[in-house]
Amino acid sequence: MNLPSAIACLLIAATSVQSACAALTVTFTGNLGSSVTVADNGPFDEDPAPWLITVGGFGGTPLVLDGYTFTDHFSNGGTLDTIHYFNSVTGSIRGTGTGKVSVLTSLSSLTAPPGTTATSEASSTFRFAGPMFTRNAALVTAQSYLDSDHPAISPSGTLLGSAGPLQIDANNSTPAPSAAEMAFGWSGPLGLESFSFNMLTEADNLAAGVVNTLNIVSSGQITITPAPEPSGVLLPVAAFSAAITLRRRRRA
């Protein structure tokens, strides 16, 4: 466990009402469609600290879904003032077989006042890890979503942004790289007073008959900007203050 990250998450949870109420979950999906959702401090989470999820870490038990094994996954998240954020790293997704594997990170039970606007940022990196074979190949995609207030276990809601699909492979004779970096953002009216902020990363068209080992890193944050107070709200207060001042002067 990364001690500085754990301390930061503990401080955030202690100083933010929203952090105490919000929830962090990660859903892993294998190449044939089998999936497991891991909630913070729920089954399969190997780290008891708040706002930290570890799956298949050092001495832990990896997730085996269809033909792929998910190992060395670490994620954290929380709320700092008006910023909701998460970071997610899956060190090794290793296996054989065609199809698509994915990791979906979700922050839910987030709240905002009516009339709020928001700005989101998201980024991800996909790479083939060693040992690599020339037939390693995948189409990689990243997407972020805004949804109603529930932990996301599948992509749903409003698509905020996406990148890809991009081809990555381990064949030096092709123009495709063995790694891809993606970044995208969004800004607009939030439209929800209770919501979740989610990010899907997936690798599709995996090559058959060869061992594929993928590393996926992603992060996202959404910043809330409450609607400004109407200027008319201040006028009665100013008029009341002026009236009190004038009354005092007359008495004097």
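Our subject in this report is the structure included herewith. (Residues numbered from 1 in each chain as written. Predicted model: local features only at pLDDT ≥ 70, side-chain atom pairs only at ≥ 80, totals over all residues. Heavy atoms only, no water.)

## With respect to the environment of Pro131
As for its placement among the helices and strands, Pro131 is situated in the loop between strand E8 (117-128) and strand E9 (137-148). C-alpha of Pro131 to C-alpha of Asn212: the two residues are 81 residues apart in sequence and 8.7 Å apart in space. (Helix = DSSP H or I, 4+ residues; strand = E, 2+ residues; numbered from the N terminus.)

## Concerning the nonpolar core
Of all hydrophobic cores here, the largest spans 43 residues; its most connected members are Phe28 and Phe70. With residues near it in sequence (within four places) discarded, Phe70 still touches Phe28, Thr29, Gly30, Pro62, Leu63, Leu65, Thr90, Ser92, Ile93, Val101, Ser102 and Val103. (Core = buried A, V, L, I, M, F, W, Y, C linked by side-chain atoms within 4.5 Å. Buried < 20%, exposed > 50% of the residue type's maximum accessible area, 1.4 Å probe, protein only. Contact = heavy atoms within 4.5 Å.)

## Quick notes on the sheet that holds strand E12 (residues 194-204)
Read from one edge to the other, the open sheet built from 6 strands follows the order E2-E1-E7-E12-E9-E10, with strand pairing classed as antiparallel. Every other strand in the sheet has two partners, leaving strand E2 (35-39) and strand E10 (158-169) as the edge strands with one partner each. For this sheet, the mean angle separating the axes of adjacent strands, direction not counted, is 10°. Where E9 lies against E10, 9 bridges are found, and the strand directions are antiparallel. For Leu139, the partnering residue across the bridge sits in E10 and is Gln167. (Pairing = 2+ DSSP bridges. Axes fitted to C-alpha atoms, helices over the stretch in contact; angles between N-to-C directions.)

## Describing the packing of aromatic side chains
The tally for this structure, following the rule as stated, stands at 2 aromatic pairs. Residues Phe28 and Phe70 carry aromatic rings whose centres are separated by 5.5 Å and whose planes lie at 65° to one another, so their mutual orientation is edge-to-face. One end of the pair, Phe28, is in strand E1 (residues 23-29); the other, Phe70, is in strand E5 (residues 68-80), and 42 residues separate them in sequence. Between Phe86 and Phe197, the aromatic rings sit 5.7 Å apart at their centres with planes inclined by 45°, giving tilted as the arrangement. Pair noted here: Phe86 is in strand E6 (residues 83-95) and Phe197 is in strand E12, with a separation of 111 residues, a long-range link. Under the relative-accessibility criterion, Phe86 is labelled buried at 1%. (Phe/Tyr/Trp six-rings, centres within 6.5 Å; stacked < 30°, edge-to-face > 60°.)

## Here's the deal with the pattern of salt bridges
The tally for this structure, following the rule as stated, stands at 1 salt bridge. With its nearest N and O atoms 3.8 Å apart, the salt bridge here joins Glu202 to Lys100. Of this pair, Glu202 sits in strand E12 while Lys100 sits in the loop between E6 and strand E7 (101-111), placing them 102 residues apart in sequence. Glu202 gets classed as buried once you look at its relative accessible area, which sits at 15%. (Salt bridge = Lys/Arg side-chain N within 4 Å of Asp/Glu carboxyl O.)

## Some details on the environment of Asn171
Turning to its location among the elements, Asn171 is positioned in the loop between E10 and strand E11 (179-189). For Asn171, a relative accessible area of 25% corresponds to the partly exposed category. When the C-alpha atoms of Asn171 and Asn136 are compared, they prove to be 7.5 Å apart, with 35 residues separating the residues in sequence. One polar contact links Asn171 to Ser173, side chain to side chain, over a distance of 2.6 Å. (Polar contact = N/O pair within 3.5 Å; in protein donor to acceptor, adjacent residues only side chain to side chain.)

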